[in-house]
Amino acid sequence: MSSPETKIDMFDDEVSASESMHGEMTVSGAPRNTNQPGAPNFNTLDEPIKDTILRDVRAVGVKFYHVLIPKEKNTLLKEWDLWGPLVLCTFMATILQGSSDDMYDGGPEFAQVFVIVWIGALIVTLNSKLLGGNISFFQSVCVLGYCLTPCAIALLLCRIVLLANQTTFLFLLRFLISASGFGWATYASIIFLGDSQPPNRKALAVYPIFLFYFIISWLVISHSNV
């Protein structure tokens, strides 16, 4: 039994227990960085939803820019996301899907394009990891997905060419457009992923990337329905 005079002081003399239970949920720290999208010190708890969406859209746009002009590597590798690959895959699957009329069917179904893109990216990534690559799974999928941008542009241009009556010249034009998209996509992905592989195994890592974009480009050039 403790004596009546024994007590435990849990609070300061000048602050009551009821007062100490009140407070505000605030996040202290450095101010938000609004100049560099994707920087780790963003404070989004009190940020308007519109600002968050616009910041993410700008970050995705920056990644598209770096794929078209592959000079800076850290943006895709450090600040990876799958929004860009999802948009590109949906766009290409929508255009490449076959016609409802079997007589004029010139492309795969919507789901088949999704399977080819994502399963292909998965196989290329697993091959990279098995060869000793020092890149994470989602970083590799992000790069492979964003590097579909040249192929998507080639598909859009080929779609426009298909609006005219097809001739041998227009087929050759579509072939050159598809080949250019294939070459640029392969080149950009090698720029981003090449340094992640051991020097003596780069050829083994590049070969599946070559096949991946070759299959996508083959779908582009073989697409014939309007």
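Note that this is a predicted model, so its numbers are computed, not measured.

Engineer: When you look at the packing of helix H5 (residues 110–130) against helix H9 (residues 202–222) in this model, what are you seeing that I'm missing?
Structural biologist: Packed helices, taken two at a time, are described by the angle between their axes plus the distance between the axes. Here H5 crosses H9 at 170 degrees, and the two axes come no closer than 9 Å. Accordingly, the angle class assigned to the pair H5 and H9 is roughly antiparallel. In this structure, H5 uses Ile116, Val117, Gly120, Ala121, Val124 and Asn127 to contact H9, whose residues at the interface are Leu204, Ala205, Pro208, Ile209, Phe212, Ile215, Ile216 and Leu219. Here the contact of H5 with H9 is composed, by residue class, of twelve nonpolar, two polar and no charged.

Engineer: It is not clear to me how the packing of H5 against helix H6 (residues 137–146) should be interpreted in this structure. Could you clarify?
Structural biologist: Interaxial distance between H5 and H6 falls to 9 Å at its minimum, and their mutual angle equals 130 degrees. Judged by the inter-axis angle, H5 sits oblique to H6. For the crossing formed where H5 meets H6, the hand is right-handed. Along the contact surface, H5 presents Trp118, Ala121, Leu122, Val124 and Thr125, while H6 presents Phe137, Ser140, Val141 and Leu144. Across the contact of H5 with H6, the residue classes tally to seven nonpolar, two polar and no charged.

Engineer: When you look at the layout of surface pockets in this model, what are you seeing that I'm missing?
Structural biologist: Rolled over the atoms, a probe sized like a water molecule indicates the empty space that remains. When its volume is computed, the second largest pocket comes out at roughly 210 Å³. Phe171, Phe175, Ser178, Ala179, Phe182, Phe214, Ser217, Trp218, Ile221 and Ser222 are the residues that line the second largest pocket. Breaking the lining of the second largest pocket down by element, the ones donating at least two residues are helix H8 (168–193) and H9. Tallied by class, residues from the lining of the second largest pocket come to seven nonpolar, three polar and no charged.

Engineer: What am I meant to see in the packing of aromatic side chains here?
Structural biologist: Centre-to-centre distance and the angle between the planes together describe a pair of aromatic rings. Counted under the stated rule, the structure contains nine aromatic pairs. Taking 6.1 Å as the distance between ring centres and 80 degrees as the angle between the ring planes, the aromatic pair formed by Phe182 and Phe214 counts as edge-to-face. Within this pair, whereas Phe182 is found in helix H8, its partner Phe214 is found in helix H9, the two being separated by 32 residues in sequence. In this structure Phe182 comes out as buried when scored by relative accessible area, which is 16%. Judged by its relative accessible area of 41%, Phe214 is partly exposed. When the centroid spacing of 4.9 Å and the interplanar angle of 70 degrees are considered together, the rings of Phe212 and Tyr213 count as edge-to-face. Looking at Phe212, the relative accessible area reads 6%, which means it is buried. When its relative accessible area of 0% is taken as the criterion, Tyr213 is described as buried. The rings of Trp80, Phe137 and Phe138 are connected pair by pair, giving a single aromatic cluster.

How each quantity is defined
Residues numbered from 1 in each chain as written. Predicted model: local features only at pLDDT ≥ 70, side-chain atom pairs only at ≥ 80, totals over all residues. Heavy atoms only, no water. Axes fitted to C-alpha atoms, helices over the stretch in contact; angles between N-to-C directions. Helix = DSSP H or I, 4+ residues; strand = E, 2+ residues; numbered from the N terminus. Parallel < 35°, antiparallel > 145°, perpendicular 65-115°, else oblique. Contact = heavy atoms within 4.5 Å. Nonpolar A, V, L, I, M, F, W, Y, C, P; charged D, E, K, R; others polar. Left-handed = near helix turned anticlockwise from the far one by under 90°. 1 Å grid on protein atoms, 1.4 Å probe; cavity = no way out; pocket = protein on both sides within 12 Å on 5 of 7 lines; lining within 4 Å. Points joined across faces, edges and corners; volume = space filled by probe spheres on them. Phe/Tyr/Trp six-rings, centres within 6.5 Å; stacked < 30°, edge-to-face > 60°. Buried < 20%, exposed > 50% of the residue type's maximum accessible area, 1.4 Å probe, protein only.

Bear in mind that shape data such as this cannot, by itself, settle questions of function.
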